[in-house]
Amino acid sequence: MRALRSFLAAVPFLLVCGLSSRGQNAPRLEASHESSSRQKAAAPLPAPQGLEDHVVNGKVVLTLDDGVRLALANNTDILLDHSRIDFAQNNLGRAHAPFDPLATSSFADTRAKSLTTSQLQGASILNNLTQTTQLGYQQTFPTGTSFQTAFSANKFSTNSSFNTVNPSLATAVQFTVTQPLLRNFGLFPNRAPILIAQRNLRQARSVFQAEVSDIILQVVGNYWTVVLARENLEVQKKSLDEAQKSYDHDKKALSLGALPPLDIYRSESQVASRRVGVIQAEYSLKQAADVFRRAIGADLDPAIRALDVELTDQPAPLSEFPSMDIASALSRALANRPEFEAVRQQLASDDLNVRLAHNNLKPDFELSGFYSGNGLNNSQAGLDIGLSGSLSQTFHFTYPTYGALLSLNLPVRRHSAQANLGDALAGRRRDQYQERQTNQAITLEVTNAVHSLEEAKLTMEAAKVAADLARDTLHADERKYELGAEPVFFVLDAQTQLAQAELNLIQAQINFQLSVAQLDHATGDLLDHHHVQINEPHK
C-alpha cells in the first residue's frame, strides 16, 4: 500500500518533467522540420526575360510590338492564367487512370506451434509452417470489360503423421473476365471522362487565349497612356516657354515704360500656373511609366526598373484609316473570338454529362466468367513430383475449374442518379443561356468598337483642324501684340487655347489608336495583328 502511494505521488512530478522536456524539444523539432522543408523548397521563379536587349544609352527603348512580346514573356497575370491549361492537362491524364493496369504481389510466412488435444491431430506438439505467395494482374478496357488473373502458391509442412503429402506445394491460377451488359456497356460510358477532359482542355486553351487578348489590350492601353503623358508634358513645356517669352517681353516693355506696372502680373501669373502644369505632367508620366513597367515585367528587375522608358511609336497614324462595317465585324468575331469556342466546348461537355447521367440510371447487369487450374506436388501414384509438377498441373489445366456468373442489381429507387441527371440537364440549360449572354456581350462590344473607331476618325480630323486654327490665331495675336494693337491678354489666351488644341489632337490620336486595338480585340484579330500564336496543348 505504501508503495502504491509513493507511485501515485511521483506521477505528477513525472508528468511535469515530461511536459517540460517536450517544451524544450519543440523548438528543436521545429528547426528540424524547417531544415527539411528548406531542402525541399520549390525552385525560384525565373527572372524577367528579354529586357536587357532593349536597353540603349541607359534607357529601355520599346516599340508597341516590343512591349507586347515582353508582356507575353514576363507578365505575371499571363503566367498565372497559363496554369489553367496545366491543370486541364493533368486532369486529362487523370481521366485515363481507370484503364491503368495494376499488378499485385504478396508473400506471407507463418510458423505455428501448439499443444494438441487429440491423438487424431498426429503429434503431441503440432508444428506447422505455411508459406503463401500471390501474384495478380487486373485491367479495365475502354469497352468496360474487366480482366483479372491471379496466381497463388502455398507451401504447407507439418509434423502431423496423418498428412499424406508433407510438405504440400499447392499452386493455382485463375482468369476472370467481367463484362457489363447494361450500365457502363460499350465505349462511350467508359471513355466519357476522357472525352470530357479533352473538351475541358480545349476550353482551357480558349479561355487562356481570351485572357491573353485582354492583357494585350491592357498593355496597348498602358503603352499609349505613357505616350499621351509624354506628349502632354511636351505641350506643357512648350506652353511654359511661350508664357516665359511673353513675360520677358512684358518685363522689357515695363523697363522702357511702355507697359503699366499692373499689367506685368498677368503674364507672370501665367508663367507660374503653367509651371504647375509641367510639374503635374512630369509626375503623371512617371505614374504611367510605372504601370507600363509592371505590365511588361520591368518592375521585377531593380536594375531595369531604375531606367527611363522611351517609347518610339508615334500616336499619329502612318497609314490609311481602317474601316469596317458592323456586319463584317460581327462575322469576324463569330469566327475568331475564343469565348465562343470556350462556350461551345462547355456545351459539348454538357451533352456528354447528360448521356453519362442517363447511363448511370440503367441497372447494373454483368456477366462474369472464370477459368482456373490447380496443382499439387503429388501424382496419382502417390509420388512427390515437387514444385515443377505442381506448376505443370496448374498451367496445363490438368484439374480445371470453370464457371460463369450472371448478376443483376436493380435498385427500386435511384434518387442520387436522378438528381445527377437533373443537375446535368440544368447545367446544360444554364450554359445555353451563357452562350446567349456571351453572344449579346460580344455583339455589343463589336458594335461599340465600330462606332468608337468612326468617332475617333472624325474627332481626330476635327482636332487637327482646330489645332491648325489655334496656331494661326496665336501667330496673329502675337503680331498684333508686337504692333501694340491689342494687350497681352489675347496672346496669353491664344497660347492657352493652342495648348489645349494640341492636347486635344494628341488625345484624339491616342483614342484612335486605342479604338483600332479595341476593334481588333472585339473581332478576335488582336493576337494575329501582333503576331501572337497560342500553341495547342499537348494531349
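Everything that follows concerns the structure shown earlier in this document.
Reading the values: rules and limits
- Residues numbered from 1 in each chain as written.
- Predicted model: local features only at pLDDT ≥ 70, side-chain atom pairs only at ≥ 80, totals over all residues.
- Heavy atoms only, no water.
- Helix = DSSP H or I, 4+ residues; strand = E, 2+ residues; numbered from the N terminus.
- Rg over C-alpha atoms; globule rule 2.2 N^0.38 Å.
- Buried < 20%, exposed > 50% of the residue type's maximum accessible area, 1.4 Å probe, protein only.
- Contact = heavy atoms within 4.5 Å.
- Areas by Shrake-Rupley, 256 points an atom, 1.4 Å probe, with all protein chains shown as cover.
- Lys, Arg positive; Asp, Glu negative; His and termini not counted.
- Charge placed at Lys NZ, Arg CZ, Asp CG, Glu CD.
- Axes fitted to C-alpha atoms, helices over the stretch in contact; angles between N-to-C directions.
- Parallel < 35°, antiparallel > 145°, perpendicular 65-115°, else oblique.
- Left-handed = near helix turned anticlockwise from the far one by under 90°.
- Nonpolar A, V, L, I, M, F, W, Y, C, P; charged D, E, K, R; others polar.
- Pairing = 2+ DSSP bridges.
- Phe/Tyr/Trp six-rings, centres within 6.5 Å; stacked < 30°, edge-to-face > 60°.
- Lys NZ or Arg CZ within 6 Å of the ring centre and 35° of its normal.
- Patch = residues over 30% accessible without salt bridge, like charges linked within 9 Å, V, L, I, M, F, W, Y side chains within 5 Å.
- Salt bridge = Lys/Arg side-chain N within 4 Å of Asp/Glu carboxyl O.
- Expected span 1.5 Å × (residues − 1).

**Some thoughts on the overall build of the protein**
Link 1 in the chain: Check the secondary structure of the protein and you find 13 helices and nine strands.
Link 2 in the chain: Whereas a compact globule of 539 residues would reach a radius of gyration of roughly 24 Å, the protein reaches 42 Å, over 25% beyond that.
Link 3 in the chain: Along the three orthogonal principal directions, the C-alpha set of the protein runs to about 145 × 80 × 45 Å.
Link 4 in the chain: Buried residues in the protein amount to 37% of all 539 residues.
Link 5 in the chain: Pairs at least 24 residues apart make up 78% of the contacts formed inside the protein by residues separated by at least 6 positions.
Link 6 in the chain: A total accessible area of about 32,000 Å² is found for the protein, and carbon and sulfur atoms account for 56% of it.
Link 7 in the chain: In the protein, 48 side chains carry a positive charge and 56 a negative one; their mean positions are 13 Å apart.

**Details of the packing of helix α8 (residues 326–336) against helix α11 (residues 415–482)**
Link 1 in the chain: One can describe the packing of α8 onto α11 by two numbers: an axis separation of 10 Å at closest approach and a directional angle of 135 degrees. What the angle tells us is that α8 and α11 run oblique. In the crossing of α8 with α11, the sense of the turn from one axis to the other is right-handed. Contacts between α8 and α11 involve Ile326, Ala329, Leu330 and Ala333 from the first element and Ile442, Thr443, Val446, Thr447, Val450 and His451 from the second.
Link 2 in the chain: Grouping the amino acids of the contact of α8 with α11 by side-chain chemistry returns seven nonpolar, three polar and no charged.

**Thoughts on unusual backbone geometry**
Comment: phi is negative for the bulk of residues other than glycine, and the bulk of peptide bonds are trans.
Link 1 in the chain: In the segment running from Asn166 into Pro167, the intervening peptide bond is cis, with an omega of 0 degrees.
Link 2 in the chain: Along the polypeptide, Pro167 turns up in the loop between β5 (146–158) and β6 (168–180).
Link 3 in the chain: Notably, Asn184 is not glycine yet its phi reads approximately 65 degrees, a positive angle.

**A closer look at the sheet that holds strand β9 (residues 400–409)**
Link 1 in the chain: Pairing is antiparallel across the open sheet formed by six strands, whose spatial order is β3-β4-β5-β6-β8-β9. Unpaired on one side and paired on the other, β3 (102–115) and β9 mark the two borders of the sheet. Put simply, the sheet's adjacent strands are angled 15 degrees from each other on average, direction ignored.
Link 2 in the chain: In the packing of helix α10 (residues 386–395) onto the sheet, the strands contacted are β5, β6 and β8 (364–376), and the crossing angle to β6 comes to about 25 degrees.

**Comments concerning the packing of aromatic side chains**
Link 1 in the chain: Applying the stated criterion to the full structure yields six aromatic pairs.
Link 2 in the chain: Seen in terms of ring centroids, Phe147 and Phe175 are 6.4 Å apart; in terms of plane orientation they differ by 25 degrees. Their pairing is stacked. With Phe147 in strand β5 and Phe175 in strand β6, the pair connects residues that are 28 residues apart, well separated along the chain.
Link 3 in the chain: With a centroid separation of 4.9 Å and an interplanar angle of 55 degrees, the aromatic rings of Tyr371 and Phe397 are classed as tilted. Placement of the pair is Tyr371 in strand β8 and Phe397 in the loop between α10 and β9, with a sequence separation of 26 residues.
Link 4 in the chain: According to the relative accessible area criterion, Phe397 is partly exposed, its value standing at 23%.
Link 5 in the chain: Ring pairs connect the aromatic residues Tyr223, Trp224 and Phe292, which therefore count as one cluster.
Link 6 in the chain: A cation sits over an aromatic face here: Lys286 above Tyr283, 4.7 Å from the ring centre.

**Some words on a nonpolar patch on the surface**
Link 1 in the chain: A cluster of nonpolar residues, Leu181, Leu182, Phe185, Leu367 and Leu406, forms a patch on the protein surface that exposes about 430 Å² of accessible area.
Link 2 in the chain: The topology assignment puts Leu181 in the loop between β6 and α5 (187–255).

**Side note on α11**
An α-helix turns once every 3.6 residues. As a result, residues three or four positions apart point the same way.
Link 1 in the chain: When the terminal C-alpha atoms of α11 are compared, their 95 Å separation across 68 residues agrees well with the 100 Å that a helix rising 1.5 Å per residue should span.
Link 2 in the chain: With its phi angle positive at about 80 degrees, Gly484 sits one or two positions after the end of α11.

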